[in-house]
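Okay, here's what each chain looks like letter by letter:
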Amino acid sequence: MMNSVAFAPEGAADGGGDTSAADSAAAAADAPLLTGVTESESSTTDGEGSGAASDWQEYQPDASKSDEENAAAKAEHDKAKPKEDADKSKQEPKDPADLVPEDGKYDIKLEGGIELDQALLERAAPVMKELGLTHSQASKLAGVIAEQRKIEHDALSERQQKITSDWQQEIRTDKDFGGENLTASLNNANRVIATFGDDALKRDLVEIGMGNHPGLFRLLARVGNALSDDKPASSETAAAPPVSPEQAMYGATTPTTRG
């Protein structure tokens, strides 16, 4: 069937006009209306090989919309994401921090210079692997535990410092050995430690903090006073005979004199 031109612009009859538009219109008129291909399929087919997949771009938030509206718009926009891009993203290698270690050995990273309890990690690693925790998730959990332990340690240190401060204040204000007598009392107590104490006692007095205990201070000060040779004899009474360390510690009735 030959196409005929019902109307052509002036000059078209002798070939001087543009017949491309007319030819396209005629071809469209002769094209069948029923083809068995839906409009969506047709657009998809047309896009194949033409760079349609590569032209797809991530959704860009609209500043005029709220966060909720942008989230809904992005979800709708992502539905049109080419399948090959989605498959490619699934095949891309994951960050090692987002993987569960097959050997159960976790690489824990803690912030703030906090040291990790290795013994605790070795015990917890099998459980974390069984729960399916990744390196990143395990690090977050370990960070919470380490932070809590630091809080407890700091609280214990603060409590110990307060006890030590209170003990020292009690020693300084003791009615018998503190105040003006503090220096002499400390000298006498330290003389007893130096004379009768061993290295273990001297170490513990410092490391454990028992050297600030008021009761121990008063005990050693009394012993030091009793053993002191520096006390002048009273003009009214004769000088008392020297006492042994046992008598200074236990009084007149010592373990060697008890029946």
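Quick caveat: nothing in here was measured; it's all calculated off a predicted structure. (Residues numbered from 1 in each chain as written. Predicted model: local features only at pLDDT ≥ 70, side-chain atom pairs only at ≥ 80, totals over all residues. Heavy atoms only, no water.)

Peer 1: When you look at the environment of Arg172 in this model, what are you seeing that I'm missing?
Peer 2: With respect to the helices, strands and loops of the structure, Arg172 is situated in helix α7 (residues 135-172). Separated by 42 residues in sequence, Arg172 and Pro214 have C-alpha atoms that sit 9.3 Å apart. Setting aside chain neighbours within four positions, we find Arg172 in contact with Gly178, Gly179 and Leu182. (Helix = DSSP H or I, 4+ residues; strand = E, 2+ residues; numbered from the N terminus. Contact = heavy atoms within 4.5 Å.)

Peer 1: What's the story with the packing of aromatic side chains in this structure? I'm lost.
Peer 2: What describes a pair of aromatic rings is the distance from one ring centre to the other and the angle between the planes of the rings. Considering all chains together, one arrives at one aromatic pair under this definition. Consider the rings of Phe177 and Phe217, whose centres lie 6.3 Å apart with planes at 85°: the pair is edge-to-face. Taken together, the residues span a long stretch of sequence, with Phe177 in the loop between α7 and α8 (182-196) and Phe217 in helix α10 (residues 214-227) at a distance of 40 residues. Like Phe217, Phe177 is buried. (Phe/Tyr/Trp six-rings, centres within 6.5 Å; stacked < 30°, edge-to-face > 60°. Buried < 20%, exposed > 50% of the residue type's maximum accessible area, 1.4 Å probe, protein only.)

Peer 1: What exactly am I supposed to notice about a nonpolar patch on the surface here?
Peer 2: A surface patch of nonpolar side chains, about 220 Å² in accessible area, is lined by Leu120, Leu141 and Ile145. Turning to its location among the elements, Ile145 is positioned in helix α7. According to the relative accessible area criterion, Ile145 is partly exposed, its value standing at 37%. (Patch = residues over 30% accessible without salt bridge, like charges linked within 9 Å, V, L, I, M, F, W, Y side chains within 5 Å. Areas by Shrake-Rupley, 256 points an atom, 1.4 Å probe, with all protein chains shown as cover. Salt bridge = Lys/Arg side-chain N within 4 Å of Asp/Glu carboxyl O.)

Peer 1: Is there a simple way to think about the side chain of Asn188 in this case?
Peer 2: Residue position: Asn188 is located in helix α8. Taking relative accessible area as the criterion, Asn188 reaches 9% and is therefore assigned buried. Among the polar contacts made by the side chain of Asn188, one reaches the side chain of Asn225 at a distance of 2.4 Å. Leave out the neighbours within four places in its chain, and Asn188 touches Leu220, Ala221, Gly224 and Asn225. (Polar contact = N/O pair within 3.5 Å; in protein donor to acceptor, adjacent residues only side chain to side chain.)

Peer 1: For this particular structure, what's the right way to read the pattern of salt bridges?
Peer 2: Pairs can form between side chains of opposite charge once their charged atoms are near each other. The tally for this structure, following the rule as stated, stands at eight salt bridges. For Asp204, the salt bridge goes to Arg203, with nearest N and O atoms at 3.5 Å. Taken together, the shared-partner salt bridges connect Glu170, Asp174 and Arg218 into one network.

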